[in-house]
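Structural features, examined
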Amino acid sequence: QCGEDEICDSDLRLEIINITYLALSGEAYEDQSQLTVDAVDRVDVSLSFENLGENAFNAFITFELPRNIFTHRQVLPQSTLIRCNDTTLLNLTHANYRCPLRPTINKGDVIGAISLRWQVEPLRGDEGTVTIPISIFVPTGGINRENITNNNKDYADFSITSISQYFVAILFSSDQVSYQGNFTPRVDNMASNLGED
């Protein structure tokens, strides 16, 4: 379906449907309003895309991740047809990913329920906001309307915050307990009545 000129002029449209923050347990994290570092382990970004034009061949999804925040893990549901490859060349701050889709996306095809899963890095001091564009393209040289219609890109916006967890360990010695104040020590169960100096 490439028209009378037999040249396919695709018009791919991409939309982010949902962003889900997952805790280490794999369950949805209780606060979905922001990405809470150290509490959120992974992020699932759900996409849908469709072809509003003529057939598209060898289309791919592309995105760039800041290395101090995310690393790409996998595409869900796990697919033998979609793999994201790190195409970065000598970039220490960002990673560029390219995810080839099926060989042909026909005119009128609507594809949804694809999620990109990203691992959250344990960053410190980088709280704020970050926007990650996700795009769908056909290879350079193919005729398409992606650069004209500007509907082949959507933006994943993240508000990032971090939490601090502190653990206090109190160690008692059974040989000697020293305390200045009023108390009644019982070494067996470590009970005491604390008073003022």
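Read on for an overview of the structure.

The next point concerns the packing of aromatic side chains. Enumeration over the complete set of coordinates arrives at seven aromatic pairs. A ring pair is formed by Phe70 and Trp118, whose centres lie 5.4 Å apart and whose planes are at 55 degrees; its orientation type is tilted. One end of the pair, Phe70, is in strand β6 (residues 70-76); the other, Trp118, is in strand β10 (residues 110-120), and 48 residues separate them in sequence. We note that Phe70, like Trp118, is buried. When the centroid spacing of 6.3 Å and the interplanar angle of 55 degrees are considered together, the rings of Trp118 and Phe158 count as tilted. In this pair, Trp118 sits in strand β10 while Phe158 sits in strand β12 (residues 153-162), placing the two residues 40 residues apart along the sequence. Each member of the pair Trp118 and Phe158 is classed as buried.

Below, the discussion takes up the state of the cysteines. A complete count under the given rule lists one disulfide for this structure. Across the disulfide, Cys84 is cross-linked to Cys99 (sulfur-sulfur distance 2.0 Å). Its torsion about the S-S bond being 105 degrees, the disulfide of Cys84 and Cys99 is classed as right-handed. Placement of Cys84 in the loop between β6 and β7 (85-86) and of Cys99 in strand β8 (residues 94-100) is noted, with a sequence separation of 15 residues between them. Neither residue differs from the other here; Cys84 and Cys99 are each classed as buried.

To continue, consider the side chain of His72. Position of His72 relative to the elements: it lies in strand β6. Of note is the side chain of His72, whose polar atom sits 3.4 Å from the side chain of Trp118. When near neighbours in sequence (up to four residues on either side) are disregarded, His72 contacts Phe63, Leu65, Cys84, Tyr97, Leu116, Arg117 and Trp118.

A few words now on the environment of Thr62. On the secondary structure map, Thr62 appears in strand β5 (residues 60-66). Once the C-alpha coordinates of Thr62 and Pro133 are considered, the two residues, 71 residues apart in sequence, prove to be 8.5 Å apart. Each residue touching Thr62, except ones within four places of it in the same chain, is listed here: Tyr97, Pro133, Ile134, Ser135 and Phe137. A distance of 3.1 Å separates the side chain of Thr62 from the backbone oxygen of Tyr97, its partner in a polar contact.

Rules of the game
Residues numbered from 1 in each chain as written. Predicted model: local features only at pLDDT ≥ 70, side-chain atom pairs only at ≥ 80, totals over all residues. Heavy atoms only, no water. Phe/Tyr/Trp six-rings, centres within 6.5 Å; stacked < 30°, edge-to-face > 60°. Helix = DSSP H or I, 4+ residues; strand = E, 2+ residues; numbered from the N terminus. Buried < 20%, exposed > 50% of the residue type's maximum accessible area, 1.4 Å probe, protein only. Disulfide = S-S within 2.5 Å. Polar contact = N/O pair within 3.5 Å; in protein donor to acceptor, adjacent residues only side chain to side chain. Contact = heavy atoms within 4.5 Å.

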